[in-house]
Amino acid sequence: ICIRTITLPLVLVLGTRASRRFERALPATALASYPGSGNTWARALLEAATGVLTGSAYVDAALVHAGFLGEGATERVLAVKTHWPWDDDGGLANATLDGLGGAAAFDRALVLVRHPYSAIPSLFAYQHTRAHGDEAPEHAWRAWRDRDARWRREAARWRRFVRFWRRRFARARP
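Rules used throughout
Residues numbered from 1 in each chain as written. Predicted model: local features only at pLDDT ≥ 70, side-chain atom pairs only at ≥ 80, totals over all residues. Heavy atoms only, no water. Buried < 20%, exposed > 50% of the residue type's maximum accessible area, 1.4 Å probe, protein only. Helix = DSSP H or I, 4+ residues; strand = E, 2+ residues; numbered from the N terminus. Pairing = 2+ DSSP bridges. Core = buried A, V, L, I, M, F, W, Y, C linked by side-chain atoms within 4.5 Å. Contact = heavy atoms within 4.5 Å. Axes fitted to C-alpha atoms, helices over the stretch in contact; angles between N-to-C directions.

S.K.: What's the story with the pairing of strand β1 (residues 29–33) in this structure? I'm lost.
M.R.: The side chains of a regular strand alternate between the sheet's two faces. By the criterion of burial, β1 is predominantly enclosed, with 5 of the 5 residues buried. Side chains of β1 alternate between two faces, with T29, L31 and S33 and A30 and A32 buried alike. Examined bridge by bridge, β1 and strand β4 (residues 108–112) share 5 bridges and lie parallel to one another. Note on β4: the bridge partner recorded for T29 is R108. Strand direction decides the pairing type here: β1 and strand β3 (residues 80–82), joined by 3 bridges, are parallel. Paired with A32 across the strands is T82, a residue of β3.

This is the structure in structure tokens:
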């Protein structure tokens with residue numbers, strides 16, 4: 001498995017920075033993804049195409065610095081980035097959105113699904129470097145992947161994440 005990631009050309013994509021919020025409340029839309037699946041990239045494309053801010057259930061100072069002015073915003077934005085119900089501690093019931101009612105806070109969702117063979121190494125690279133788009137050393141990836149069956153556990157978390165969002169809006173599909 002290759003652990004290379006793509007450096008996001010945020011400055012180019014956000015050359016005409018999104019700066020608008022909606023004047024009135026819209027249906028709350030989740031931009032949900034398992035970590036490492038391209039949520040930041042999708043936000044950059046949505047903001048560049050619409051000129052409207054996307055929000056986030058998190059506040060990442062590096063993304064604010066890169067031009068994501070909606071970082072931390074959950075209202076009057078095009079969509080809200082979330083990795084709910086995934087969390088950093090290995091569980092699937094975190095408190096990231098508890099104050100908003102968790103996934104129940106959203107009326108609809110755009111769910112990004114990236115193959116776990118790509119998403120999990122990307123997540124590891126972010127956790128290892130704490131930077132979007134940076135690469136982790138291959139020896140670090142192998143050590144992490146092979147220790148205590150982490151690969152299997154993380155793949156199971158990926159599967160639970162996808163199932164969660166499919167079931168959350170199962171009745172909404174035609």
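S.K.: Teacher, can you tell me more about the nonpolar core here?
M.R.: Soluble globular proteins tend to bury their nonpolar side chains together. Core analysis: the biggest nonpolar cluster contains 26 residues, and Y34, I120, F124, W141, F161 and W165 have the highest contact counts within it. Contributions of two or more residues to this core are made by β1, α4 (116–129), α5 (138–146) and α6 (150–168). Considering each element in turn, this core owes the most residues, 6 residues, to α6. When neighbours within four sequence positions are excluded, F161 is seen to be in contact with A32, S33, Y34, H83, W84, P85 and V111.

S.K.: For this particular structure, what's the right way to read the sheet that holds β3?
M.R.: Backbone-to-backbone hydrogen bonds join strands into a sheet, with any given pair of strands oriented parallel or antiparallel. An order of β2-β3-β1-β4 is seen for the 4 strands of this open sheet, with the pairing classed as parallel. Across the chains shown, the open sheet's two edge strands, defined by having one partner strand only, are β2 (55–56) and β4. Against the sheet, helix α2 (residues 39–50) contacts β1, β2, β3 and β4, and its axis sits at roughly 140° relative to β1. Strands β1, β3 and β4 of the sheet are contacted by α6, whose axis makes an angle of about 155° with β1.

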